[in-house]
Amino acid sequence: MSETAPVGRRFVDVSELPMFAFGPRDPIWWGLWLLLAIESTMFVLLASSYFYLRGNESTWPPPGVHQAPLWLTALTVVALLLSVIPTWWAFRAAIQFRLRPIQIGFLLGTLASAAACVTRAYELATIGYNWNSHAYGSIVWAIYFMHTFHLTSGTVENAVMTVLLFKGPVEKKLMPDIRLSCIYWWFVVVSWIPFWIVIMFDKS
Amino acid sequence: MIDLELHVQLAETWRKPRGLWGWLTDNHHTTIGMNFIVTSFVFFLLGGIEAILMRTQLARPENHFVTNDFYNQLFTTHGSTMMFLFAVPMIEGLGIYIVPLMLGTRQMSFPRLNQFSYFSYLIGGLLLYAGFFLNFGPDAGWFSYVPLSGPEFAPGKRIDIWAQMITFTEIGSLGGAVSMIATIFKHRAPGMSLNRMPLFVWGELVTSFMIVFAMPAVMVASSMLASDRLIATQFFNKAEGGDVLLWQHLFWFFGHPEVYIIFIPGTTMMSTLVSAFTKRPVFGYVGMVLSLVATAFVGFGVWVHHMFATGLPELGLSFFTASSVLITIPTAFQVFSWIITIFHGKFIVRTPMLYVLGFLFIFVMGGLSGVMLASTPLDWQLHDTFFVVAHLHYVLIGGMLFPLIGALTYWFPKFTGKMMNETLGRWTFAFFFVGFNLTFFPMHNLGLHGMPRRVYTYLPTMGWNNLNMLSTVGAYVLGVGVLLFMANAVISLRSGAIAGDNPWGSFSLEWFTSSPPPPYNFLYLPTTRDRYEIWTMADDQPLVTGFRPDRREVLITKLMDAFPDHKIETPRPTIWPTLLAGATGIGVITAIFTPWGVPLGMLLAGIALTGWFWPKPPHHELLEEQP
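As the structure is a prediction and not an experimental result, all values here were calculated from the model.

> Is there a simple way to think about the overall build of chain B in this case?
Counting its regular elements, chain B contains 19 helices and four strands. Oriented by its inertia axes, the alpha-carbon framework of chain B measures out at about 80 × 65 × 50 Å. Put simply, chain B has 627 residues, and 56% of those count as buried. Within chain B, counting contacts between residues at least 6 apart in sequence, those at least 24 apart form 80% of the total.

Right, dumping it as structure tokens:
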């Protein structure tokens, strides 16, 4: 049932138009990318602050700084990168309206992101300086905090999505949201890589 | 289905919940927009009262009307209120109310995000004033420079209140901006391609993009300040490798775009009023749009001109002087375009048009003193004097408040269905214009005579007595103007002339529906075929039909040409976004006292978010495969 046009006027009938769309046709797609623009600006400003503070120092990081073990931090990176593969299946399957690969993709993706949360927790526990030790400690902990915040909230989001996908019923119009969840998760993954390189390898 | 039946069904579907519960749960853009407008106007009054108190203190030398400590709280709260709690929320609220109507749609893209934004903003404002009324309001100025605002020189919780207020209001601004951009891109009436959008919509679009890239800077900065104060991080502590100028860079990377965030919508209100009251399109539409975009871009490259006195390298100073002066080009283009339009069009002198003239005079003055201050040697002389106070008020009151009062007078009939009283309106303008210039013009001279800003008193021998007294008298005259405006609003609301749909014979689509608009905005959504939609409509301009009247369906159109693409169903009233704002509020306010507020806030926000996004019983097409 839908409205009908008033008599005696020309009209544009939109009753047959679909109730959702993928990609930039979808307002939520814009919402997500704007959110990522905001988040990216924050990350860029943190990076700028890092290099601004670095410019004041002759030795960087300050003497006596011990990072978390490289293998441990690399494990987090590996877990993050691995999570991209199943979420990519889900991303591709969503536009084909195939539920099974989406379910599996999100289940595995959530497991990988949960693994990254665990190794991140160990990373944080083994960092050999505090946020109040010096400005270096403050900015690196701020970067860690920001990313860990995204990491945990992204993992929770993936987990909730997985539950919903297995519980059902699943509407077709959830499919664009599936793809957007994947993009958000990839942002969490990709945004860490430059920070990881800088924290682990930037020395003067 | 005949019109009456459709009206009844749509009115039921889009019915606004009433009472306190309605206020907490409604997400309709007119409700949220009006919430923003009314709340920010209340904060404007509070900020104005603070200004009056300050001027009363400064009226005479060695005055003891208020204490030095209270004076510090006054100017800090006044500045913070006007920037964070009045100007930006007012612009967003006006946009949230008007833009969807101008676009010919029934709702914005993310209504619940708007609702969340409003309540975040409200909590932030209440937090600031809770501190202020308990006499521990922030006292380090609206830009809270470290080290003055750092843990060493500002013990207690005053600055923490300021920092967390920033977090709230910026969350609110960012949410509103995202919603605004998506709405402008995707909700336009069929036929309203990007190059036909009303200039006011362009202004809100450009402003929203600026918010997206500017506000994160102040959130990062205020978070650093809060953590320096709460958990002893060392961002701004020189002894441990921190840097006080980092604060200034981060703050002004937000702070200068903030000025344009406030003033770009002001210029597009100008364009709206100029067209409506000259009955012709504003000269140079494309140039006007490009001016807005150029102002936004250049606006991100001038922040260091607030820091000329900090001992930066000379090359940097020259660069930022040049970029600051560059701003005059797009601005002058706009000013000349308005003048040409007025010169060639009819000249209908109604109250809003008076504010247009007032703007032209005051804003150009503010712009010229800005060019003066952009020159480094002069800035060194005038830095932190009353000259700067005069300049910034000429730009912001001229650039934003005058167009705003004009625009509120212009849109009052749309909001309420009643016209504002014209005679009272003219008197209001007279008090505004005279009071404003009387208050702020003498401050130029005070600054040139060396009176520093933010001093609570001065010696009688300084030669500043008469100009200060003049300025104080002006502030009271301006205050009378504000009272007259409010009296006019109340009287007109009760007994004003009935407005009708389009009392000004204006051009954009908000005038294509009744005043005030019904909850579904348009019985049939309009289509357009050119700029200045109503003026250029064909006699048999098609309408849009085919929505389910029992659901809150909204038409989504293509980004560039606004061709009908698909529909979405927008949410009905819900409490979750308000609860999320409350959850964030509990977390952030707790974080003033203990870092455990952060995990607490995350936990509560997680619960609220899950409630928000938990799927409703399905009523759309299901996937063929099901679990």
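> Hey, could you run me through unusual backbone geometry in this one?
For residues other than glycine, phi is negative in most cases, and the peptide bonds are mostly trans. The peptide bond linking W60 of chain A to P61 of chain A adopts the cis configuration, its omega dihedral lying at -5°. Take P61 of chain A: it is sitting in the loop between α1 (27-54) and α2 (70-95). With a phi angle near 65°, N135 of chain B is a residue other than glycine that sits in the positive phi range. Within the element layout of this structure, N135 of chain B appears in the loop between α5 (111-133) and α6 (158-186). Phi at A232 of chain B takes a positive value of approximately 60°, unusual for a residue other than glycine. You can call A232 of chain B partly exposed: it has 15 C-beta atoms within 10 Å.

> For this particular structure, what's the right way to read the interface of chain A and chain B?
A common way to report how large an interface is uses the accessible area buried once the components associate. Contacts between the two partners involve 59 residues from chain A and, on the opposite side, 59 residues from chain B. Counting only elements with at least two residues in the side of chain A that touches chain B, the list comes to β1 (11-13), α1, α3 (99-126) and α4 (135-167) of chain A. Counting residues per element, the side of chain A that touches chain B draws most heavily on α1 of chain A, at 14 residues. When the residues that make up the side of chain A that touches chain B are grouped by side-chain class, the tally is 36 nonpolar, eleven polar and twelve charged.

> I'm lost on helix α11 (residues 328-344) of chain B in this one. Help?
One full turn of an α-helix is made of 3.6 residues, so residues set three or four places apart face in the same direction. With 17 residues, α11 of chain B should reach 24 Å at 1.5 Å per residue; the first-to-last C-alpha distance of 24 Å fits that figure. If you follow the buried residues of α11 of chain B, they end up packed against α8 (244-278), α9 (285-299) and α12 (351-374) of chain B.

> I keep staring at the pairing of strand β3 (residues 553-557) of chain B and nothing clicks. Help me out?
Here is the key point about a regular strand: its side chains alternate between the two faces of the sheet. All names here are of chain B. Burial of β3 is extensive: five of the five residues sit out of reach of the surface. Neither face of β3 is open: one carries E553, L555 and T557, the other V554 and I556, and all of them are buried. Direction of pairing for β3 relative to strand β4 (residues 564-569): antiparallel, over a ladder of five bridges. When the bridges of β4 are listed, I556 appears paired with H566. Connecting β3 to the antiparallel partner β4 that follows it, the hairpin turn spans six residues, and A562 within it adopts a positive phi of roughly 55°.

> Explanation requested: the nonpolar core in the structure shown.
Soluble globular proteins tend to pack their nonpolar side chains together in the buried interior. One finds A87, I181, V201, A217, A221, L250 and L273 of chain B to be the most contacted residues of the largest nonpolar core, which totals 236 residues. Examining the composition of this core, we find that 20 residues originate from one element, helix α4 (residues 68-103) of chain B, more than from any other. In this structure, I181 of chain B is in contact with W30 and L34 of chain A together with L205, S208 and F209 of chain B, ignoring residues within four places of it in sequence.

> What exactly am I supposed to notice about the packing of α3 of chain A against α4 of chain A here?
All names here are of chain A. Packing of α3 against α4 leaves a shortest axis separation of 9 Å and a crossing angle of 150°. Our classification of the angle between α3 and α4 gives roughly antiparallel. Both α3 and α4 take part in a crossing whose hand is left-handed. Across the interface between the two elements, I102, Q103, F106, L107, G109, T110, S113, A114, A116, C117, R120 and L124 from α3 touch Y144, T148, L151, T152, G154, T155, N158, A159, M161, T162, L165 and F166 from α4. Each residue belonging to the contact of α3 with α4 can be placed in one class, and the counts come to 13 nonpolar, ten polar and one charged.

> Looking at this model, I keep getting lost on the environment of R112 of chain B. Mind explaining?
All names here are of chain B. Mapped onto the elements of the fold, R112 is located in helix α5. By the C-beta count within 10 Å, which is 21 here, R112 ends up buried. Ignoring any residue separated from it by four or fewer positions in sequence, one finds R112 in contact with N27, P571, T574, P577 and W612.

> Would you mind showing me how to read the sheet that holds strand β1 (residues 525-526) of chain B here?
Strands sit in the order β1(A)-β2(B)-β1(B) across an open sheet of three strands; the sheet is mixed. The sheet is open, and its two edges are formed by β1 of chain A together with β1 of chain B, each paired on a single side. Relative to strand β2 (residues 543-545) of chain B, β1 of chain B is paired through two bridges, and the arrangement is antiparallel. Looking across to β2 of chain B, one finds that P526 of chain B is bridged to L543 of chain B.

Conventions used here
- The residue numbering used here restarts from 1 in each chain and proceeds along that chain's sequence as written.
- Following the order in which they are written, the chains are lettered starting with A and the ligands numbered starting with 1.
- Residues qualify for local features only when their pLDDT is at least 70, as the model is predicted, and side-chain atom pairs are given and counted only at 80 or more; totals for whole chains, interfaces and linings, by contrast, use all residues.
- Helix and strand definitions here come from DSSP, where helices need a minimum of 4 consecutive H or I residues and strands a minimum of 2 consecutive E residues; each element is numbered from the N-terminal end.
- Counting other C-beta atoms within 10 Å of its own, a residue is labelled buried from 20 upward, exposed at 12 or fewer, and partly exposed in the gap between, with every C-beta atom placed from the backbone.
- Note on contacts: residues are paired as contacts if their backbone-placed C-beta atoms lie within 7 Å.
- Gly is placed with the polar residues, together with every amino acid not listed as nonpolar (Ala, Val, Leu, Ile, Met, Phe, Trp, Tyr, Cys and Pro) or charged (Asp, Glu, Lys and Arg).
- Take the residue count of a helix, subtract one, and multiply by 1.5 Å to get its expected span.
- Two strands qualify as a pair provided that DSSP identifies no fewer than 2 bridges between them.
- Only buried residues count toward a nonpolar core: Ala, Val, Leu, Ile, Met, Phe, Trp, Tyr and Cys, linked into one set through C-beta atoms within 7 Å.
- Orientation is described by lines fitted to C-alpha atoms, with helices fitted over the stretch in contact, and by angles between N-to-C directions that extend from 0 to 180 degrees.
- The scheme is simple: roughly parallel for angles under 35 degrees, roughly antiparallel for over 145, roughly perpendicular for 65 to 115, oblique for anything else.
- Two helices cross in a left-handed way if the nearer one is turned anticlockwise from the farther one by less than a right angle. They cross in a right-handed way if the turn is clockwise.

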